[in-house]
Amino acid sequence: LVRTLACGICGSDLHALRHADLFVETSRRAGNPRVMDLGRDVVMGHEFCGEIVEHGPGTVRALKVGSRVCSRPVLMRPTGPETIGYSNEHPGGYGEYMRLSEALLLEVPNGLATDHAALTEPMAVGIHAVARARLEPDDAPLVIGCGPVGLAVIAALSLAGATPIVAADFHAGRRELAIAMGAHVAVDPREISPYAPLPDFGNRAVNLIYECVGLPGM
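(A) Structural view of the pattern of salt bridges. This structure, assessed with the given rule, holds 6 salt bridges. Put simply, Arg34 and Glu82 hold a salt bridge, and the shortest N to O gap is 3.3 Å. Highlighted residues: Arg34 in the loop between helix H2 (20-29) and strand S2 (47-52) and Glu82 in strand S5 (residues 80-83), separated in sequence by 48 residues. Assessed through its relative accessible area of 36%, Arg34 is described here as partly exposed. Overlapping salt bridges bring together Arg175, Asp188 and Arg190 as one network.

(B) Geometry of helix H4 (residues 120-133). For H4, which comprises 14 residues, the first-to-last C-alpha distance of 20 Å matches the rise-based estimate of 20 Å (1.5 Å per residue) to within 8%. Buried residues of H4: Pro122, Gly126 and Val130, and no others. The arc that holds the buried residues of H4, viewed along the axis, is 80°, so those residues lie on one side. Of the residues in H4, the exposed ones pointing more than 90 degrees away from the buried face are Ala131 and Arg132. Packing partners of the buried residues in H4 comprise S2, helix H5 (148-159) and strand S11 (208-211). Arg134, located one to two residues past H4, shows a positive phi value of around 50°.

(C) Seen up close, H5. Taking 1.5 Å per residue, 12 residues should reach 16 Å; H5 reaches 17 Å between its end C-alpha atoms and fits that length. Among all positions in H5, only Gly150, Leu151, Ala152, Val153, Ile154, Ala155, Ala156 and Leu157 are buried. Tucked into the core, H5 has its buried residues touching H4, strand S8 (141-144), strand S9 (166-168), helix H6 (172-181) and S11. Residue Gly161 follows H5 closely and has a positive phi angle near 85°.

(D) Structural context of the nonpolar core. One finds Val143, Val153, Ile154, Leu157, Ala178 and Tyr210 to be the most contacted residues of the largest nonpolar core, which totals 16 residues. Of all elements in the fold, only H5 and S11 reach the threshold of two or more residues within this core. Here the element with the most residues in this core is H5; it accounts for 5 residues. With sequence-adjacent residues up to four places away left out, Ile154 is seen in contact with Val143, Cys146, Ile165, Ala167, Ala178, Met181, Gly182 and Ala183. If you look at the next biggest cluster of nonpolar residues, it comprises 10 residues, including Val2, Phe48, Leu63 and Leu105.

(E) Molecular detail of the sheet that holds strand S3 (residues 68-71). In spatial order, the strands read S6-S1-S2-S3-S7; together these 5 strands make up an open sheet with antiparallel pairing. Whereas interior strands pair on both sides, the edge strands pair on one side only; in this sheet they are strand S6 (97-98) and strand S7 (105-107). Here strand S1 (residues 2-8) runs beside S6; their pairing, made up of 2 bridges, is antiparallel. For Arg3, the partnering residue across the bridge sits in S6 and is Tyr97.

(F) Structural context of the side chain of Arg175. Structurally, Arg175 can be placed in helix H6. Taking relative accessible area as the criterion, Arg175 reaches 18% and is therefore assigned buried. Beyond its immediate sequence surroundings of up to four residues, Arg175 is in contact with Asp169, Phe170, Ala186, Val187 and Asp188.

(G) Quick peek at a nonpolar patch on the surface. On the surface, Leu1, Val53 and Tyr97 cluster together into a nonpolar patch covering about 230 Å² of accessible area. Here Val53 shows up in the loop between S2 and S3.

(H) Inspection of the sheet that holds S11 at higher detail. One open sheet holds the 4 strands; their spatial order is S10-S9-S8-S11, and the pairing between them is parallel. Edge positions in the sheet fall to strand S10 (185-187) and S11, since each of these pairs with one other strand and no more. Ignoring strand direction, the axes of neighbouring strands in this sheet form an average angle of 20°. Across 3 bridges, S9 lies against S10 in parallel orientation. Looking at the pairing, Val166 lines up with Val185 of S10.

Criteria and thresholds
- Residues numbered from 1 in each chain as written.
- Predicted model: local features only at pLDDT ≥ 70, side-chain atom pairs only at ≥ 80, totals over all residues.
- Heavy atoms only, no water.
- Salt bridge = Lys/Arg side-chain N within 4 Å of Asp/Glu carboxyl O.
- Helix = DSSP H or I, 4+ residues; strand = E, 2+ residues; numbered from the N terminus.
- Buried < 20%, exposed > 50% of the residue type's maximum accessible area, 1.4 Å probe, protein only.
- Expected span 1.5 Å × (residues − 1).
- Arc of directions from axis to C-beta.
- Contact = heavy atoms within 4.5 Å.
- Core = buried A, V, L, I, M, F, W, Y, C linked by side-chain atoms within 4.5 Å.
- Pairing = 2+ DSSP bridges.
- Patch = residues over 30% accessible without salt bridge, like charges linked within 9 Å, V, L, I, M, F, W, Y side chains within 5 Å.
- Areas by Shrake-Rupley, 256 points an atom, 1.4 Å probe, with all protein chains shown as cover.
- Axes fitted to C-alpha atoms, helices over the stretch in contact; angles between N-to-C directions.

And the structure:
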């Protein structure tokens with residue numbers, strides 16, 4: 001049992017709030033065996049940092065009460081994994097308390113701010129995407145969409161030593177954030193094609209694309 005200390009607001013939560021019927025319909029079409037019942041309570045929130053309050057039966061108590069932790073937003077049950085947040089049974093980080101699976105806990109390193117630790121889940125999405133791409137030394141990645149996940153991808157690419165990293169977004173503020181997170185070039189695709197050769201990098205062109213907009217058909 002953990003007490004919520006901080007929880008981010010994900011774009012998925014906003015979609016679920018505004019388009020709950022479509023959210024549930026899509027989940028059902030995808031074959032999800034446990035679909036939210038919108039006639040019952042749902043407590044969302046899956047980008048969280050919490051503090052251990054108590055250990056349940058069968059736990060090994062590897063982390064002491066009071067430890068700050070993050071977790072993948074999944075509860076391991078005898079019948080299989082179940083989602084935390086998009087569930088009538090398993091409340092997420094917008095509530096005061098959550099149940100988490102001990103085996104999935106990550107202890108927050110000493111000195112890391114709680115609100116930064118709550119970004120572990122979206123950062124993990126970016127890190128996973130970069131790992132899946134199996135970067136080669138001559139790759140020139142393009143990140144389309146510089147929202148939170150796109151920025152996480154840029155940060156992970158920068159840590160991996162990718163050069164050059166090209167970012168594309170319509171929003172000037174997001175392009176500035178992309179540069180701050182490690183992109184070498186940030187373009188407004190209404191003005192400059194993100195696929196154009198890069199004069200400052202030997203006229204190389206991008207050959208690896210991360211689509212972080214989430215629009216259908218892309």
